[in-house]
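A closer look at the structure
What follows is each chain in one-letter form.
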Number of protein chains: 2
Amino acid sequence: MEFLEELRLMKEQLKFEGRFRLPKNFSNVVLSGLGGSGISARIFQEIYSKKPVSLVEGYEIPDFVSPSTLFISMSYSGNTEEVLAAAKAAKKRKAHVVTISSRGLLEGYGDQHVKIPRPDLQPRSSLVYLLMPLLNSFGLAEPKEIRESYGLLSGLDGNPEECYRHARSIARSDAIPVIYGSFPFRAVAYRWKTQFNENPKILAYSSSFPELNHNDTMALAHTYKKNEFYFMVFASRDKRINDRIHVTEKLTRSKFNIINPKGTSQLSRILYLVHYGDYLSYKLSSIRGINPTDVSYIEKLKTMLKKPKEGRKA
Amino acid sequence: MEFLEELRLMKEQLKFEGRFRLPKNFSNVVLSGLGGSGISARIFQEIYSKKPVSLVEGYEIPDFVSPSTLFISMSYSGNTEEVLAAAKAAKKRKAHVVTISSRGLLEGYGDQHVKIPRPDLQPRSSLVYLLMPLLNSFGLAEPKEIRESYGLLSGLDGNPEECYRHARSIARSDAIPVIYGSFPFRAVAYRWKTQFNENPKILAYSSSFPELNHNDTMALAHTYKKNEFYFMVFASRDKRINDRIHVTEKLTRSKFNIINPKGTSQLSRILYLVHYGDYLSYKLSSIRGINPTDVSYIEKLKTMLKKPKEGRKA
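Residues numbered from 1 in each chain as written. Chains lettered and ligands numbered in written order. Predicted model: local features only at pLDDT ≥ 70, side-chain atom pairs only at ≥ 80, totals over all residues. Heavy atoms only, no water.

1. Points about the sheet that holds strand β1 (residues 28–32) of chain B
Residues and elements named next belong to chain B. What counts is decided by this rule: Two strands qualify as a pair provided DSSP detects at least 2 bridges between them. Segments assigned H or I by DSSP are reported as helices when at least four residues long, segments assigned E as strands when at least two residues long, and all are numbered from the N terminus. Orientation is described by lines fitted to C-alpha atoms, with helices fitted over the stretch in contact, and by angles between N-to-C directions that extend from 0 to 180 degrees. In what follows, a contact means two residues having at least one pair of non-hydrogen atoms within 4.5 Å.
Reading across the sheet, the five strands line up as β2-β1-β3-β4-β5 and stay open at both edges, with parallel pairing between neighbours. Both edges of this open sheet fall to β2 (53–56) and β5 (112–115), since each of them pairs with a single strand only. Between one strand and the next, the sheet's axes are offset by a mean angle of 20°, whatever the strand orientation. Relative to β2, β1 is paired through four bridges, and the arrangement is parallel. Following the sheet pairing, Ser32 is matched in β2 by Val56. Strand contacts of helix α3 (residues 81–92): β1, β2, β3 (69–74) and β4 (96–101), with the helix running at about 160° to β3, the strand carrying the most contacts. Of the strands in this sheet, β1, β3, β4 and β5 are in contact with helix α4 (residues 127–138), which crosses β3 at around 155°.

2. Description of the sheet that holds strand β7 (residues 205–208) of chain B
Residues and elements named next belong to chain B. Taking strand neighbours across the sheet as the criterion, the four strands line up as β7-β6-β8-β9 in an open arrangement whose pairing is parallel. Edge positions in the sheet fall to β7 and β9 (256–259), since each has one partner strand and no second. Mean inter-strand twist for the sheet, computed between neighbouring axes without regard to direction, equals 25°. With four bridges joining them, strand β6 (residues 176–181) and β7 adopt parallel strand pairing. Bridging across to β7, Tyr180 finds its partner in Ser207. Together, β8 (229–234) and β9 form the strand contacts of helix α9 (residues 239–251), whose direction differs from that of β9 by roughly 160°.

3. Quick look at the interface of chain B and chain A
Spelled out, the test is: Summed over both partners, buried area is the accessible surface (1.4 Å probe) that two parts give up on being assembled. Salt bridges are counted wherever a side-chain nitrogen of Lys or Arg sits within 4 Å of a carboxyl oxygen of Asp or Glu. Polar contact criterion, stated in full: a pair of N or O atoms within 3.5 Å, where within protein one must be able to donate a hydrogen and the other to accept it, and residues adjacent in sequence count only if both atoms are side-chain atoms.
In this complex, chain B contributes 79 residues to the contact, which on the side of chain A involves 78 residues. The contact between chain B and chain A buries some 7,700 Å² in all, and 64% of this surface belongs to carbon and sulfur atoms. Considering only the surface of chain B that becomes buried against chain A, Met218, Tyr224 and Tyr297 of chain B emerge as the three largest contributors, covering 11% of it. At the junction of chain B with chain A, the criterion picks out 10 salt bridges. Here chain B is connected to chain A by 34 residue pairs in polar contact (both at pLDDT 80 or more). Here the side of chain B that touches chain A gets 10 residues from one element, more than from any other, and that element is α9 of chain B.

4. Describing the nonpolar core
Quick reminder of the rule: Take the buried residues of types Ala, Val, Leu, Ile, Met, Phe, Trp, Tyr and Cys, join any two whose side-chain atoms come within 4.5 Å, and each joined set is a nonpolar core. Burial status follows relative accessibility: with a 1.4 Å probe on protein chains alone, a residue under 20% of its type maximum counts as buried, one over 50% as exposed, and anything between as partly exposed.
Judged by nonpolar contacts, the single largest core of 174 residues is most densely connected at Ile72 of chain A together with Ile72 of chain B. In contact with Ile72 of chain A, other than residues within four places in its own chain, are Phe20, Val29, Val30, Leu31, Ser32, Val98, Ile100, Leu134 and Phe138 of chain A.

5. Examining the domain arrangement of chain A
Much of the literature gives interface size as the accessible area that the parts lose upon coming together. All names here are of chain A. For clarity, the threshold we go by: Where each domain begins and ends is defined by an automated method or by a domain database. Residues are grouped as follows: Ala, Val, Leu, Ile, Met, Phe, Trp, Tyr, Cys and Pro are nonpolar; Asp, Glu, Lys and Arg are charged; all remaining types, including Gly, are polar.
Annotation of chain A at the domain level lists domain 1 (3–141) and domain 2 (144–288). Using only C-alpha atoms to locate each centre, domain 1 and domain 2 end up separated by 25 Å. Facing the 22 residues of domain 1 at the interface are 28 residues of domain 2. Approximately 2,300 Å² of surface area, both sides summed, lies buried where domain 1 meets domain 2, with 67% of it carried by carbon and sulfur atoms. Across the domain 1-domain 2 interface, the total number found is three salt bridges. A salt bridge links Asp157 to Lys11, with the nearest nitrogen and oxygen atoms 2.9 Å apart. At the junction of domain 1 with domain 2, the criterion picks out eight residue pairs in polar contact (both at pLDDT 80 or more). Elements with a minimum of two residues in the side of domain 1 that touches domain 2: α1 (3–9), α2 (35–47) and α4 (127–138). Across the side of domain 1 that touches domain 2, the residue classes break down as 15 nonpolar, no polar and seven charged.

6. Considerations on the environment of Phe196 of chain B
Within the secondary structure, Phe196 of chain B sits in helix α7 (residues 186–198). Linking Phe196 of chain B and Ser281 of chain B, residues 85 residues apart in sequence, is a C-alpha distance of 5.5 Å.

7. Details of the pairing of β6 of chain B
Residue and element names in this part refer to chain B. The following threshold applies: Here is how to tell: hold the view so the strands point away, follow the path from the first strand over the helix to the second, and if it runs clockwise the crossover is right-handed.
Within β6, six of the six residues are buried, which leaves the element mostly enclosed by the surrounding structure. Alternating positions in β6 separate into two faces, Ile176, Val178 and Tyr180 on one and Pro177, Ile179 and Gly181 on the other, with burial throughout. Sheet topology note: the β6/β8 ladder contains five bridges and is parallel. Paired with Tyr180 across the strands is Val233, a residue of β8. You can see the chain leave β6, run along α7 and come back into β7, and the turn it takes is right-handed.

Following this line, the structure appears as C-alpha cells:
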C-alpha cells in the first residue's frame, strides 16, 4: 500500500472498538512494546496515571510483575521476539496478560487477546489501532474527543502544507531534526524521532522540557555544528513550560520552530501532533527520493540474528 | 573547586552512609529529580524492580500518588523548582515523602530527610552521594560491591587514558557523540549525553538496544551526515544484545566504538561506565578550551524565569 494511503487511514482507526476487560484487582500496569508498536504504550503512559505504568522495551520483565499486574503486550506483527519473550515471562509470574496484535504468535500468549482488523499496514501506521484498545478499556476516550480527533486528522489529510514547509526547510540543509516535547507530548516527540528514522531514514533526536533545561541548554549555547540541526518545539498549555521554551530560545540564541497543537482535548492534541509528524517525515522522504515503507534493514537484521553465529564476538 | 578534583572525589562518596527508613507498607516508588540529580534516580530504576518505580521530571505528579507511595525527592541544591513543586504535591496526597539534598528548601518538605555532607560540588559530580541513600535504604549495595566500585573508580582516576582517546577522536572532527546503552546501562548512556552537554557543552544523544533496532537502524543505514557523529556502544553481558550490537554495526556499515564495562557486580559496572564518561567529557572540554564547571546559562535561565514576563508570548 502507498504510504500516503496508510496515513489517510489513520483517522479511520479511531473507530476501532477493540477492547479488553480490566481484571478485578490490579495494582500496576506494565506495557511491553518496541518501535512503532511501543509508541502507543508511551502515549498511554502520558495519558493514564491512576496506577503506576511501567514500560518494557526488552526481553526481561521487572521483578514486581505478579498476579496483581495487568501486563499488556503490544506488537502489530505479533511476532516481535522481545515482546514474545516478555509475555512468556509475565505469564509465568501469573500476571494477567493481555495481547494486542493483528496476527502472529502473540495471539496465543495471553489471557485475553485483542485482534487488530488489518494486518497489512506498516507497524508505525497502526498507532491508533494499537492505542484504541487501551483507551476503550480504561475509559479514556469520550465520543466527542474521538470526533474532534477525527476532524483534526482529516484536516491534516486535506492540507498538510504546514508540515511540508518544515520538511523543505530540513531538506534544504540536510539538517538533523531535534524535537523538544513536554508533558503530555513527550511520547509524540519520540514518535517524530522514530518517524524521521524510518520514513526519510535520517538520524533524529528528541528530548523534553523542563528536563532539557538542566543539560541541553548549555550545549545549545556553546555547541559546535548547531546549524546542522533543525529544532522543532511543541507549544504547551502550561505557562511555566512555554516560558521555559521562549527563555531558552532567546538565551541560547537558538531558532526554535514552534509547532502549535490544534484541538481542545488532550487526546486530540496528541494525535494531531502525531499526524503532523507523519506528514512532515513523509514529505522529507519524498524530497530525498527515499521509499518511506522500506524497512529492509530491520528485516535483514532479524534474519541475521536468527542465523547461527559462529565466529562472531559476543 | 577544580573539576578534576571533583571527579577524584566521586569514589569517596561510596562511603556515604546516609539512609532513610522504608515505610512499613508501600506499593510503589516515585522518584523526582532533574538534570544531574535525576541521573541517580534513573540508575536506581535500572537496579531496583521489586516494586513499580516511576520517574517525575516536571512539576506534576501522577494521579496514583497516595499514602502507599514512597515518594523520593532528589535535588543536590535542594532548590530545584520542579522538585519542590512535586514534593509539595506529593505531601498533599499524603505520600511518604523522603527528601535528599545537601541544603536548600527541600529539607523541610518531607517526612524524612537525608543530608548530603558536602554542598560545594557541581550537582552532576554528586551522583554517588545521591545514589547511596537509595542503595543503603533498599539494601542494594553489598560491602564487596562498594569495595569493587571503589577500586574501579580509583583505577580510572589513576589512568583515564582510554577515556581520553575517545575525547581526542571526537575533537578531531568536532563530532556529535551518540551513546547506545542497554539494560542495565540505559541510564548511564543518558548520563554520558548530559555530561557532553554540560562539560564540553556540545549536543549529544543516547538511545538503547534493542529499542533502537526498531528505528535508528534504518537511519544508520541511509542517513546523511553520518560521519558527523561518533558512536559509542556499551558492551553487554547478554549475548542477545551483543549479537544485536555486532549485527547492527556490520549491516549498517557503521563504526561502533565499543566500551567494555569493567567489574563483576552490576553496580561496579554501572559506576565504572559513569566515571568513564566523566573523564571522557572532561577531556573533551579541556581540548575545546571550555570550562566544564561553567553552567552560567542554566543559572541565567533560572533568573530570567523568575522575572516578570510582560510582553512574552505564553
